[in-house]
Amino acid sequence: MKQNCLKNRWVSINKVRNILCPFHQAPISALSKQELDNLIRKLKKASNTINYELKDQILSHQALQEALNDPQNGDAAFKHLKQQASILGNMKRLHLLGPGNCFVEFGAGRGKLSHWLDIALQDAQDVHFLLVERASTRFKVDGKHNKRYFERLQVDIQHLCLSKVPLLMEKNLSLIGIGKHLCGAATDLALRCLVDTYVNSRAEEKEGPVTKRIKTDCPGQKHSKCEAENWSPIAGIVIALCCHHRCEWRHYVGQDFFTRVGLGPVEFNFFKRMTSWATCGMRERRTETSRSGIQNKRNVDEHDQDNINTDCSLDSLQGLLTVDERKQIGHLCKLLIDHGRIEYLQRRGYEAELQRYTDSSVSLENVLLTAVPSQSSLSSIIT
């Protein structure tokens, strides 16, 4: 009897949710042609306000050259290595590979990105690593690092307060937030964890003169962060974005941007699902190759596979949009969501950018978000 009451109560709650938020639950295929046209019109109008083009920053790093040239690595391993090499190359470009830093790897998994960073920074002093991963992970590479401070934090990012981590309570270290394919809402949670929670808590705790930040490796052109030489709680953020269809409005850091361009949670929930359209063409091609027996599942990046398996509504739209049109709309949805993240960082004093860090043949999720403190924000630290 009690179980039936609880079951009926749960059904009633779900019915209320569906009544209050019908558009959040409705599939895209349920939209009429006019509703879909209105949604796409809003998307394009908002996209026209940002005037943003992604640049190619496909780089590499010498720390991974031996592994990249190792013939024993299969195709899947090679693709991961190319991505990790480019992330490190972009970090070097931003002068983030130096001493006196604590690297926080969000969604660390086995910890491979921190592993290659450790090799790249083998001669640097006072370098620490915090690996954040909510799941228990097998085949971790943490044990290979005996000379460095490596700590694994098994916690959901939304429950993480970095200012309470003993290492960061004891040492005045600049943090560099990193992540390779940080899925959906995890990116927004990581940005809030760094920029809002940690920076604000440090600002409240800080008293007396500002500690000088150790100068990083800046041969040749100077970066604004290095010119100022002032310590900043967050020295940089480098995150390879992923799985926009897993974003959530309640965690999304770009809500102010969406509101300013006349959008809200209803549009967001449709746009996040439409991001999968960016890979519809790839899904069709890979379906064809798998039928012909050529496809090897091990060669597909797990995040690409997740996107390919997401409902692209290829058949249910009844010929309203071509594959190319869906692909273009999917990319616009991704760009719009990511631009909200960029504005969030810019409004908090960071020079933030989006760039393609690898070719789409290596990974369909090939956009890297980077941010470093702007000159003005560093100057304000000492006032």
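The structure reproduced in this document is the subject of the present report. Bear in mind that the values here come from a model prediction, so they are computed numbers and not experimental data. (Residues numbered from 1 in each chain as written. Predicted model: local features only at pLDDT ≥ 70, side-chain atom pairs only at ≥ 80, totals over all residues. Heavy atoms only, no water.)

### Here we look at the overall build of the protein
Here is step 1 of the chain: A tally of regular secondary structure across the protein gives 15 helices and eight strands.
Here is step 2 of the chain: Going through the 383 residues of the protein one by one, you find that 52% of them count as buried.
Here is step 3 of the chain: Long-range contacts, defined as pairs at least 24 residues apart, comprise 77% of the intrachain contacts of the protein with a sequence gap of at least 6.
Here is step 4 of the chain: In the form shown here, the protein has an accessible surface area of approximately 19,500 Å², with 48% of it arising from carbon and sulfur atoms. (Helix = DSSP H or I, 4+ residues; strand = E, 2+ residues; numbered from the N terminus. Buried < 20%, exposed > 50% of the residue type's maximum accessible area, 1.4 Å probe, protein only. Contact = heavy atoms within 4.5 Å. Areas by Shrake-Rupley, 256 points an atom, 1.4 Å probe, with all protein chains shown as cover.)

### Some points on the packing of aromatic side chains
Here is step 1 of the chain: Summed over the entire model, instances satisfying the criterion amount to nine aromatic pairs.
Here is step 2 of the chain: Look at Phe 129 and Phe 150: their rings are 4.5 Å apart centre to centre, the planes differ by 20 degrees, and that puts the pair in the stacked class. Placement of Phe 129 in strand S3 (residues 128-132) and of Phe 150 in strand S4 (residues 149-153) is noted, with a sequence separation of 21 residues between them.
Here is step 3 of the chain: The class for Phe 129 is buried, based on a relative accessible area of 0%.
Here is step 4 of the chain: The exposure class of Phe 150 is buried, given its relative accessible area of 19%.
Here is step 5 of the chain: Ring centres of Tyr 252 and Phe 258 lie 5.4 Å apart, and the angle between their planes is 85 degrees; on these two criteria the pair is classed as edge-to-face.
Here is step 6 of the chain: The class for Phe 258 is buried, based on a relative accessible area of 0%.
Here is step 7 of the chain: Here a set of aromatic residues connected by ring pairs shows up, and it is made of Trp 249, Tyr 252, Phe 257, Phe 258 and Phe 268. (Phe/Tyr/Trp six-rings, centres within 6.5 Å; stacked < 30°, edge-to-face > 60°.)

### Focus on helix H5 (residues 75-93)
Here is step 1 of the chain: The end-to-end C-alpha distance of H5, which contains 19 residues, comes to 27 Å, matching closely the 27 Å that a straight helix rising 1.5 Å per residue would cover.
Here is step 2 of the chain: Every buried residue of H5 is listed here: Lys 79, Leu 81, Gln 83, Gln 84, Ala 85, Ser 86, Ile 87, Leu 88, Gly 89, Asn 90 and Met 91.
Here is step 3 of the chain: In the segment just after H5, His 95 is the residue with positive phi, at about 60 degrees. (Expected span 1.5 Å × (residues − 1).)

### Let's talk about the nonpolar core
Here is step 1 of the chain: By size, the foremost hydrophobic cluster in this structure holds 65 residues, and its most contacted members are Phe 106, Leu 162, Leu 168, Ile 237, Phe 258, Met 274 and Leu 345.
Here is step 2 of the chain: Examining the composition of this core, we find that nine residues originate from one element, helix H14 (residues 323-346), more than from any other.
Here is step 3 of the chain: Beyond its immediate stretch of four places on either side in the chain, Leu 168 contacts Cys 102, Leu 130, Leu 162, Leu 173, Leu 175, Tyr 198 and Arg 202.
Here is step 4 of the chain: Of all hydrophobic cores here, the second largest spans 31 residues; its members include Leu 68, Phe 103, Phe 150 and Ile 176. (Core = buried A, V, L, I, M, F, W, Y, C linked by side-chain atoms within 4.5 Å.)

### Side note on helix H3 (residues 33-48)
Here is step 1 of the chain: Helix length check: H3 (16 residues) gives 22 Å between terminal C-alpha atoms against 22 Å at 1.5 Å per residue, within 8%.
Here is step 2 of the chain: Along H3, the positions that sit buried rather than exposed are Leu 36, Leu 39, Ile 40, Leu 43, Ala 46 and Ser 47. Buried residues in H3, looked at end-on, bunch into an arc of 125 degrees, giving them a common side. Turned more than 90 degrees from where H3 packs its buried face, Gln 34, Arg 41, Lys 45 and Asn 48 sit exposed. (Arc of directions from axis to C-beta.)

### Let's talk about the sheet that holds strand S7 (residues 350-356)
Backbone hydrogen bonds are what pair the strands of a sheet, in a parallel or an antiparallel way.
Here is step 1 of the chain: Spatially, the eight strands line up as an open sheet ordered S1-S7-S8-S6-S5-S2-S3-S4, and their pairing is mixed. Taken across any chain shown, the strands that pair with only one partner, and hence form the sheet edges, are strand S1 (55-56) and S4.
Here is step 2 of the chain: One ladder, built from two bridges, connects S1 with S7; its direction is parallel. Within the sheet, the bridge partner assigned to Asp 56 lies in S7 and is Arg 356. (Pairing = 2+ DSSP bridges.)

### Here we look at the pattern of salt bridges
Here is step 1 of the chain: Taken as a whole, this structure holds 14 salt bridges when the rule is applied.
Here is step 2 of the chain: With a closest N to O distance of 3.0 Å, Arg 341 and Asp 338 form a salt bridge. Separated by three residues within a single helix, Arg 341 and Asp 338 lie in helix H14, roughly one turn from each other.
Here is step 3 of the chain: Residue classification places Arg 341 among the buried positions, given a relative accessible area of 2%.
Here is step 4 of the chain: For Asp 338, a relative accessible area of 3% puts it in the buried group. (Salt bridge = Lys/Arg side-chain N within 4 Å of Asp/Glu carboxyl O.)

### So, the packing of H5 against helix H6 (residues 112-120)
Here is step 1 of the chain: Packing of H5 against H6 brings their axes to within 10 Å, and their N-to-C directions diverge by 55 degrees. Taken together, the axis directions place H5 and H6 in an arrangement best described as oblique. Both H5 and H6 take part in a crossing whose hand is right-handed. Across the interface between the two elements, Leu 81, Gln 84, Ile 87, Leu 88 and Met 91 of H5 pack against Lys 112, Leu 113, Trp 116, Leu 117 and Ala 120 of H6.
Here is step 2 of the chain: Taken together, the residues that form the contact of H5 with H6 break down as eight nonpolar, one polar and one charged. (Axes fitted to C-alpha atoms, helices over the stretch in contact; angles between N-to-C directions. Parallel < 35°, antiparallel > 145°, perpendicular 65-115°, else oblique. Left-handed = near helix turned anticlockwise from the far one by under 90°. Nonpolar A, V, L, I, M, F, W, Y, C, P; charged D, E, K, R; others polar.)

### Digging into unusual backbone geometry
For residues other than glycine, phi is negative in most cases, and the peptide bonds are mostly trans.
Here is step 1 of the chain: Positive phi values are uncommon outside glycine, yet Asp 126 reaches one of about 55 degrees.
Here is step 2 of the chain: With respect to the secondary-structure elements, Asp 126 resides in the loop between H6 and S3.
Here is step 3 of the chain: A positive phi angle is found at Cys 243, which is not glycine, with a value near 50 degrees.
Here is step 4 of the chain: With respect to the secondary-structure elements, Cys 243 resides in the loop between strand S6 (234-242) and helix H10 (255-260).

### Looking at the environment of Ala 190
Here is step 1 of the chain: In this structure, Ala 190 sits in helix H8 (residues 185-205).
Here is step 2 of the chain: Remark: the alpha-carbon pair of Ala 190 and Gln 158, spanning 32 residues in sequence, is separated by 7.8 Å.
Here is step 3 of the chain: Among residues more than four places away in sequence, those in contact with Ala 190 are Phe 106, Ile 157 and Leu 182.

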